[in-house]
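Geometric and topological summary
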Amino acid sequence: MSNSSSSISQFLLLPFADTRELQLLHFCLFLGIYLAALLGNGLIIITIACDHCLHTPMYFFLLSLSLTDLGCISTTLPKSMANSLWDTRAISYTGCVAQLFFFFFLLSTEFCLLTVMAYDRYVAICHPLHYGTLLGSRACVHMAAAAWASGFLNAVLHTANTFSLPLCHGNAVDQFFCEIPQILKLSCSDAYLREISVIVLSICLGFGCFVFIVVSYVQIFRAVLMIPSQQGRHKAFSTCLPHMAVVSLFVSTGVFAHLKPPSISSLFLDLVVSFLYSVVPPTVNPLIYSMRNQELKDAMWKLRTGFF
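Note on numbering: residues in each chain are counted from 1, in written sequence order. Totals for whole chains, interfaces and linings use all residues, but because this is a predicted model, local features are given only for residues with pLDDT of at least 70 and pairs of side-chain atoms are given and counted only at 80 or more. By convention in this description, side-chain values take in all heavy atoms of the structure and omit both hydrogens and water.

**Section: empty space enclosed by the protein**
- As defined here, a cavity is a set of points on a 1 Å grid over the protein atoms alone where a 1.4 Å probe fits but cannot get out. A pocket is an open set with protein on both sides within 12 Å along at least five of seven lines, and residues line them when an atom is within 4 Å of a point. Grid points are joined across faces, edges and corners, and a volume is the space filled by probe spheres set on the points. Enumeration according to the criterion identifies one cavity of 30 Å³ or more in this entry.
- Within this model, the largest cavity holds a volume of roughly 100 Å³.
- In terms of lining residues, the largest cavity is bounded by 13 residues, among which Leu14, Pro15, Ser80, Asn83 and Ser84 are the most central.
- Listing elements by their share of the lining of the largest cavity, those giving two or more residues are α2 (20–50) and α3 (57–85).
- Residue contributions to the lining of the largest cavity peak at three residues, all from α3. Segments assigned H or I by DSSP are reported as helices when at least four residues long, segments assigned E as strands when at least two residues long, and all are numbered from the N terminus.

**Brief notes about the packing of α2 against helix α11 (residues 280–291)**
- Where α2 meets α11, the closest approach of the two axes is 9 Å, and the angle between their N-to-C directions is 45 degrees. Between α2 and α11, the interaxial angle falls into the category oblique. With respect to the hand of their crossing, α2 and α11 are arranged in left-handed fashion. Here α2 contributes Ile33, Ala36, Ala37, Gly40, Asn41 and Ile44 to the contact with α11, which in turn contributes Pro282, Thr283 and Pro286. Between N-to-C directions, angles span 0 to 180 degrees; the directions come from axes that are lines fitted to C-alpha atoms, helices contributing only their stretch in contact. Note on angle classes: values under 35 degrees are labelled roughly parallel, values over 145 roughly antiparallel, values of 65 to 115 roughly perpendicular, and the remainder oblique. Left-handed describes a crossing in which the near helix is turned anticlockwise from the far one by less than a right angle; the clockwise case is right-handed. Only heavy atoms matter for contacts: two residues are in contact if any of them lie within 4.5 Å across the pair.

**Things to note about the state of the cysteines**
- Put simply, a disulfide is two cysteine sulfurs that come within 2.5 Å. Throughout the structure, instances matching the rule amount to one disulfide.
- Here Cys96 is linked by a disulfide to Cys178, with a sulfur-sulfur distance of 2.0 Å. Linking Cys96 and Cys178, the disulfide has an S-S dihedral of approximately -120 degrees and is accordingly described as left-handed. Residue Cys96 is found in helix α4 (residues 93–126), and its partner Cys178 is found in the loop between α6 (137–163) and α7 (180–184); the two are separated by 82 residues along the sequence.
- Each residue gets one of three labels from its accessible area relative to the maximum for its type: buried under 20%, exposed over 50%, partly exposed in between, using a 1.4 Å probe on protein chains only. The exposure class assigned to Cys96 is buried, which follows from its relative accessible area of 0%.
- In this structure Cys204 is not part of a disulfide, and its nearest cysteine sulfur, from Cys209, lies 12 Å away.

**Describing the layout of surface pockets**
- By volume, the second largest pocket amounts to about 370 Å³.
- Forming the walls of the second largest pocket are 17 residues, and the residues nearest its centre are Met58, Tyr59, Ser238, Thr239 and Asn293.
- For the lining of the second largest pocket, the element with the highest residue contribution is helix α9 (residues 230–259), accounting for five residues.
- Just so you know the grouping, Ala, Val, Leu, Ile, Met, Phe, Trp, Tyr, Cys and Pro go in nonpolar, Asp, Glu, Lys and Arg go in charged, and all remaining residues, Gly too, go in polar. Considered class by class, the residues forming the lining of the second largest pocket number seven nonpolar, five polar and five charged.

**Focus: α6**
- The length a helix should cover is 1.5 Å for every residue beyond the first. With 27 residues, α6 extends 39 Å between its outermost C-alpha atoms, agreeing within 8% with the 39 Å of an ideal straight helix rising 1.5 Å per residue.
- Those residues of α6 lying buried are Cys140, Met143, Ala144, Ala147, Gly151, Asn154, Ala155, His158, Thr159, Asn161, Thr162 and Phe163.

**Examining the nonpolar core**
- Side-chain atoms within 4.5 Å link the members of a nonpolar core, which is a set of buried Ala, Val, Leu, Ile, Met, Phe, Trp, Tyr and Cys residues. Grouped together as the largest cluster of nonpolar side chains are 63 residues, with contacts concentrated most on Ile48, Phe61, Leu62, Leu77, Leu114 and Leu296.
- Excluding residues that lie within four positions of it along the chain, Leu77 makes contacts with Phe30, Ile33, Tyr34, Phe176 and Val279.
- In terms of nonpolar packing, the next biggest core, distinct from the first, is built from 16 residues, Ile8, Ile91, Val173 and Leu186 among them.

**Looking at the environment of Val116**
- The residue Val116 is located in helix α4 in this model.
- With residues near it in sequence (within four places) discarded, Val116 still touches Phe61 and Met143.

**Section: the pattern of salt bridges**
- Whenever a carboxyl oxygen of Asp or Glu lies within 4 Å of a side-chain nitrogen of Lys or Arg, that contact is scored as a salt bridge. In total, this model carries two salt bridges according to the counting rule given.
- For Asp51, the salt bridge identified is with Lys302, shortest N-O distance 3.4 Å. Here Asp51, found in the loop between α2 and α3, pairs with Lys302, found in helix α12 (residues 294–307); they are 251 residues apart in sequence, far enough to count as distant.
- For Lys302, a relative accessible area of 48% puts it in the partly exposed group.
- Ionic pairing is found between Asp120 and Arg121, a salt bridge with its closest N-O pair at 2.9 Å.

Okay, structure coming up:
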């Protein structure tokens, strides 16, 4: 590591507000969002873990997804809230490395889990007679473990490569948390090309997951349209809609955040877009999954009446 990068002991994150009143408002707003995400995802995790009727592949993967959502939002929001409360912008070098690693790890794992969940819906609708064989308990554990391991290896590769680059442009990060594109902006002019090759590899892998999801749903739609009864078609679609909504939200916010035209880029827009893709999905996903899932809502109600 170069002297310029090794001499950096902390980074300065981008604040959401400059005045003290707005900083406190930002803290209260983010606290409300964070508590909502904790409540929603925590409730799904506890409900699935406690209700034996929900010990199925679909809900097992949903539990894993809620765990990644909890971790993802816990990686970014608490530090931003603390900085607003204490009127500071600083994050330690080690803290920045950890934040970038865990955020990328959980984000990568979430996309892998969404891909596995698309396969789950494909097998359930297109090959229902083989569902128990293809998605047995051991197979589900192996697929979930592969998703987590893929996210971990991807994050290790990117974090190690990003922070091995010499940093020549100060320590001010134009974002409210540490992420790879903003750290690369601080690197020396030619050094970032090493990380670009790794990013291209990750984009190819992500595109492969996206194509797999799209192909799975093409097959699902073909199978659903062949169901003779309208009630049967509606029931089949209703099991897929939450997953489709979550995938659409995840992909659209992520793509816009990193592939928006430079002509419309600004600090404020970058801040808003990063908020949309890092904070909104973990908060909204529990609502999407519980809104149209009567089985999950019944289990939550049964859990609530059991406690109170």
